[in-house]
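Below are the chains, spelled out letter by letter.
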Amino acid sequence: MIREQIIRSFRQLTPAVLDPSRPLVTLFSGGLDSTYLLLRLKQAGFRDIHAVSVNLGEDESSEHKQRIADELGARLHIIDGRQAFVEEFVRPAIAAQAVYLDTHPVSSTLSRPLIARLAVGLAEELGAVAILHTANRSQNTLRRLNGALALLGFSGPYGSPYDLDPVDRDQKIQELKAVGLDQMSERIVSGDSNLWCREFESGILDDPEDHAVPEHMYQWSARRPELSGETLEVHFREGVPVSVDGVEMPLPELIAALNTRVGAYGIGRYSGLEHLDNGEKVLEIREMPAAWLLLRTYRHLETAVLEAETMREKMHLEQLWVRESLEGRWFGELHQALQSFIDTCAVRVTGYVRWKLTPGGAETRSITADEPRYLRDREAWEKFSIHVENAPYQLV
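Here goes a summary of the coordinates provided.

About the cut-offs
Residues numbered from 1 in each chain as written. Predicted model: local features only at pLDDT ≥ 70, side-chain atom pairs only at ≥ 80, totals over all residues. Heavy atoms only, no water. Helix = DSSP H or I, 4+ residues; strand = E, 2+ residues; numbered from the N terminus. Buried < 20%, exposed > 50% of the residue type's maximum accessible area, 1.4 Å probe, protein only. Pairing = 2+ DSSP bridges. Contact = heavy atoms within 4.5 Å. Axes fitted to C-alpha atoms, helices over the stretch in contact; angles between N-to-C directions. Parallel < 35°, antiparallel > 145°, perpendicular 65-115°, else oblique. Core = buried A, V, L, I, M, F, W, Y, C linked by side-chain atoms within 4.5 Å. Salt bridge = Lys/Arg side-chain N within 4 Å of Asp/Glu carboxyl O. Phe/Tyr/Trp six-rings, centres within 6.5 Å; stacked < 30°, edge-to-face > 60°.

### Topic: the environment of glycine 191
Tracing the sequence through the fold places glycine 191 in strand β9 (residues 190–193). What makes glycine 191 exposed here is its relative accessible area of 61%. Linking glycine 191 and glutamate 284, residues 93 residues apart in sequence, is a C-alpha distance of 10.0 Å.

Below you can see the structure in the form of structure tokens.
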């Protein structure tokens, strides 16, 4: 049997390329593209389809996904990846100040390597013939997933049939309607959500020169007009956020709490253009209130404890960290080396920042580090430094 390493077309979903009697793993979000792929696999005669959904705190319900999988004859696997996501991917991103070209914090850049790793684990357990996903040529997820699957050493074919065979949104909706899946016609944008980010793109948001997200689509950053302001304190220990207002909580719960509390002031919305593989740009819009606050808190604290030259080099390497992650090389050796440097810096980041939240913004009220380099009394320091500088001459 002829087997190609990269799946790029629906035309490859044939017995000549993939054995339809063997297990096949496909990533499944419950959205339009992944649902349509299940339909095409069923129509192509695949009899042992395993739809993998990794729960990272997304909007889609398990019941919705189960109904679709049952309707299209697939076995649904829901894997809880929330703890691993925040500990192994979000935590390093906070320390790396992972913001794409100073426009928006990265998100799917962090989730795709974990999804790929969990999919490979299931595929190897099942002896799957291939791993499929649904990223298309206008989504950076294409190279992130393919790059992760390659670096993880999956030995079978993998990839997205949408790469060389794009299917119009209307065609997907009509074909799914024909088999009774009418709810897909309600999808006006492509969405991606997890504990760290809610993101919107495509559909009515295709054109950067003319775009607007319907206000009802925002959940975390919907303004609560009755709020006039409040003080909030975030504490880090060795580079990890550990408490809010003195109350310690696990990182997933801390992020969730900040998303709603900070977002209630309309804070944490981003829009920006991100490059594709050949340099073209696409629009992405997201809400990330917890990320907004945590990244700024971390920057204040690391500035308080690290030497200026260390900070300059770290800021240079941060964009290299982002580039390696974004381009699908999370599991590559350069990314691992960068992470080692960043983790070394993070060990000293302990302290807290007290914020004053107001509608549409936030200001610091206290930056307090355990091992600070900042001055608290400039005049006293000036006198002391002069004394120390002159001390050797006084001994002569």
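After that view, the rundown keeps rolling.
### Describing the sheet that holds strand β1 (residues 6–7)
With parallel pairing, the six strands of this open sheet are ordered in space as β1-β8-β7-β2-β3-β4. Single-partner strands in this sheet number two, and they are β1 and β4 (75–80). For strand β3 (residues 49–55) and β4, the ladder comprises six bridges, and the chain directions are parallel. Opposite serine 53, over in β4, you have isoleucine 78 as the bridge partner.

### Let's talk about the sheet that holds strand β16 (residues 351–358)
Adjacent strands of a sheet pair through backbone hydrogen bonds, lying either parallel or antiparallel. Pairing within the open sheet is antiparallel, and its five strands lie in the order β13-β12-β11-β16-β17. Looking at which strands have only one partner, the edges of the open sheet turn out to be β13 (247–248) and β17 (361–369). Across two bridges, strand β12 (residues 240–244) lies against β13 in antiparallel orientation. Counterpart to valine 244 in the pairing with β13 is valine 247. Where helix α7 (residues 251–263) meets the sheet, its contacts fall on β11 (230–237), β12 and β16, and the angle it forms with β12 comes to roughly 60 degrees.

### Points about the packing of helix α3 (residues 82–95) against α7
Between two packed helices, what matters for the description is the angle formed by their axes and the separation of those axes. Contact pair α3 / α7: the axes reach a minimum separation of 9 Å and the direction vectors enclose 80 degrees. Taken together, the axes of α3 and α7 lie roughly perpendicular to each other. Packed against α3, whose contacting residues are Gln83, Val86, Glu87, Val90 and Arg91, the element α7 presents Leu251, Pro252 and Ile255 at the interface.

### With respect to the nonpolar core
With 75 residues, the main nonpolar core has Leu110, Trp196, Leu294 and Trp321 as its most contacted residues. Setting aside residues up to four positions removed in sequence, leucine 110 forms contacts with Phe85, Phe89, Val90, Ala93, Trp196, Trp321 and Trp330. Counting 29 residues, the second largest nonpolar core, distinct from the first, contains Val17, Leu18, Leu32 and Val129.

### Some words on the pattern of salt bridges
Following the criterion strictly, the structure yields 31 salt bridges and no others. Between lysine 65 and glutamate 58 there is a salt bridge, with the nearest N and O atoms lying 2.5 Å from each other. For arginine 143, the salt bridge is made with aspartate 277, and the minimal N-O distance between the two is 4.0 Å. One end of the pair, arginine 143, is in helix α5 (residues 141–151); the other, aspartate 277, is in the loop between β14 (269–275) and β15 (281–287), with 134 residues separating them in the sequence.

### Comments concerning the packing of aromatic side chains
Aromatic ring pairs: the centre-centre distance and the angle between the two ring planes describe each pair. Evaluated as defined, the whole model comprises seven aromatic pairs. Look at phenylalanine 10 and tyrosine 36: their rings are 6.2 Å apart centre to centre, the planes differ by 80 degrees, and that puts the pair in the edge-to-face class. Here phenylalanine 10, found in the loop between β1 and β2 (24–27), pairs with tyrosine 36, found in helix α1 (residues 32–43); they are 26 residues apart in sequence, far enough to count as distant. By relative accessible area, which is 7% here, phenylalanine 10 ends up buried. Classification of tyrosine 36 by relative accessible area gives buried; the value is 0%. Aromatic side chains phenylalanine 200 and tyrosine 218 sit 5.9 Å apart centroid to centroid with 90 degrees between the ring planes, which places their arrangement in the edge-to-face category. One end of the pair, phenylalanine 200, is in strand β10 (residues 198–201); the other, tyrosine 218, is in the loop between β10 and β11, and 18 residues separate them in sequence.

### A word on the pairing of β11
Where β11 and β16 come together, seven bridges link them in antiparallel fashion. Looking at β16, one finds that phenylalanine 236 is bridged to glycine 351. Taken together, the four bridges between β11 and β12 define a ladder with antiparallel strand orientation. The residue bridging valine 234 from the neighbouring strand is valine 244, located in β12. Between β11 and β12, which pair antiparallel in sequence order, lie two residues; one of them, glutamate 238, sits at a positive phi of approximately 50 degrees.

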